[in-house]
Amino acid sequence: MFQKKPTDILEEEHRIIEKIVKAMSVLIKRLETDKDTSLEDLQNITEFMRIFGDKCHHGKEEKELFPLLGKKGVPMQGCPITALTHEHEVGRNLVKGLVESTVAYEKKDSSAKEGLLKQLRGLINLYPNHIWKEEYLLFPMTNKILNDSEQKDLQIK
């Protein structure tokens, strides 16, 4: 048997995402108390969420894991795939809004602070529940449905 299952790798990625979500809480506190908030921190968080959170992590799920589960009989238009894919889309929209608010913040736009707070709060509310659904529903189901060979063939590294 191989070292790690794909679900183990996806869970490790969740730990990284959780650290960034915690950093978002710090940014919210800074914004709420009108303390100087680093533009670079905002840009780094948006870039991380766009590249690692969405393209890398969600990409593995949507392009590799979900289609294989569909081939194994998991309904693609039902629970849990539709709900998780919808949450991925919600996350993309929140990150898009965060990018726009960060650009506005850089331009000293007076509405930027409220936009940043809205998007950051949305991401903080989304991710803990989303991660829970994957780790306690999707991944255990995956480990029951896919045999060792199928898991090894997944391009999740």
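Data block above holds the structure.
My aim in this report is to walk through the structure given alongside it, one point at a time. Residue indices follow the written sequence of each chain, beginning from 1 at its first position. Only residues with pLDDT of at least 70 are given local features in this predicted model, and only at 80 or more are side-chain atom pairs given and counted; all residues enter the totals for whole chains, interfaces and linings. With hydrogens and water stripped out, all remaining heavy atoms of the structure feed into the side-chain values.

**Some words on the packing of aromatic side chains**
For step 1, the next point in the chain: Ring pairs are drawn from Phe, Tyr and Trp, using the six-membered ring of Trp, whenever the two centres fall within 6.5 Å, and their geometry is named by plane angle: stacked under 30 degrees, edge-to-face over 60, tilted for the rest. This structure, assessed with the given rule, holds 2 aromatic pairs.
For step 2, the next point in the chain: Summarising the aromatic geometry, the rings of Phe-48 and Phe-52 are spaced 5.0 Å apart at their centres and angled 25° between planes, so their arrangement reads as stacked. Placement of both Phe-48 and Phe-52 in helix H2 (residues 39-71) is noted, with a separation of 4 residues, approximately one turn of the helix.
For step 3, the next point in the chain: With a relative accessible area of 19%, Phe-52 lands in the buried category. Put simply, DSSP marks the helices as runs of H or I at least four residues long and the strands as runs of E at least two long, and each gets a number from the N terminus on. A 1.4 Å probe rolled over the protein chains alone gives each residue an accessible area, and that area as a share of the maximum for its type sets the label: buried under 20%, exposed over 50%, partly exposed in between.

**Regarding the environment of Asn-129**
For step 1, the next point in the chain: Structurally, Asn-129 is set in helix H4 (residues 112-145).
For step 2, the next point in the chain: Sequence separation between Asn-129 and Glu-87 is 42 residues; the distance between their C-alpha atoms is 9.8 Å.

**A word on the pattern of salt bridges**
For step 1, the next point in the chain: Whenever Lys or Arg places a side-chain nitrogen within 4 Å of a carboxyl oxygen from Asp or Glu, that contact is recorded as a salt bridge. Across all of its chains, the model carries 12 salt bridges by this definition.
For step 2, the next point in the chain: With its nearest N and O atoms 2.6 Å apart, the salt bridge here joins Asp-34 to Lys-113. Here the residue Asp-34 occupies a position in the loop between helix H1 (6-32) and H2, and Lys-113 occupies one in helix H4, the gap between them amounting to 79 residues.
For step 3, the next point in the chain: Lys-113 gets classed as partly exposed once you look at its relative accessible area, which sits at 25%.
For step 4, the next point in the chain: One network of salt bridges, with partners in common, ties together Asp-54, Glu-62, Glu-89 and Arg-92.

**Quick notes on the nonpolar core**
For step 1, the next point in the chain: By size, the foremost hydrophobic cluster in this structure holds 22 residues, and its most contacted members are Ile-17, Met-24, Met-49, Leu-120, Leu-123 and Tyr-127.
For step 2, the next point in the chain: When contributions to this core are tallied by element, the ones reaching two or more residues are H1, H2, helix H3 (81-106) and H4.
For step 3, the next point in the chain: Element by element, the count of residues in this core is highest for H4, at 8 residues.
For step 4, the next point in the chain: Leaving out residues up to four positions away in the same chain, Leu-120 has contacts with Met-24, Leu-27, Ile-28, Leu-31 and Leu-98.
For step 5, the next point in the chain: By size, the runner-up hydrophobic cluster in this structure holds 14 residues, among which are Ile-9, Leu-10, Ile-81 and Phe-139. Within this scheme, the nonpolar core is defined by two criteria: the residues are buried Ala, Val, Leu, Ile, Met, Phe, Trp, Tyr or Cys, and they are joined through side-chain atoms within 4.5 Å. Residues are treated as being in contact if the distance between any of their heavy atoms lies within 4.5 Å.

**What about unusual backbone geometry?**
For step 1, the next point in the chain: Cis geometry marks the peptide bond from Cys-79 to Pro-80; its omega dihedral reads 5°.
For step 2, the next point in the chain: With respect to the helices, strands and loops of the structure, Pro-80 is situated in the loop between H2 and H3.
For step 3, the next point in the chain: Although it is not a glycine, Asp-34 sits at a positive phi angle of roughly 55°.

Read these as geometric descriptors, not functional statements.
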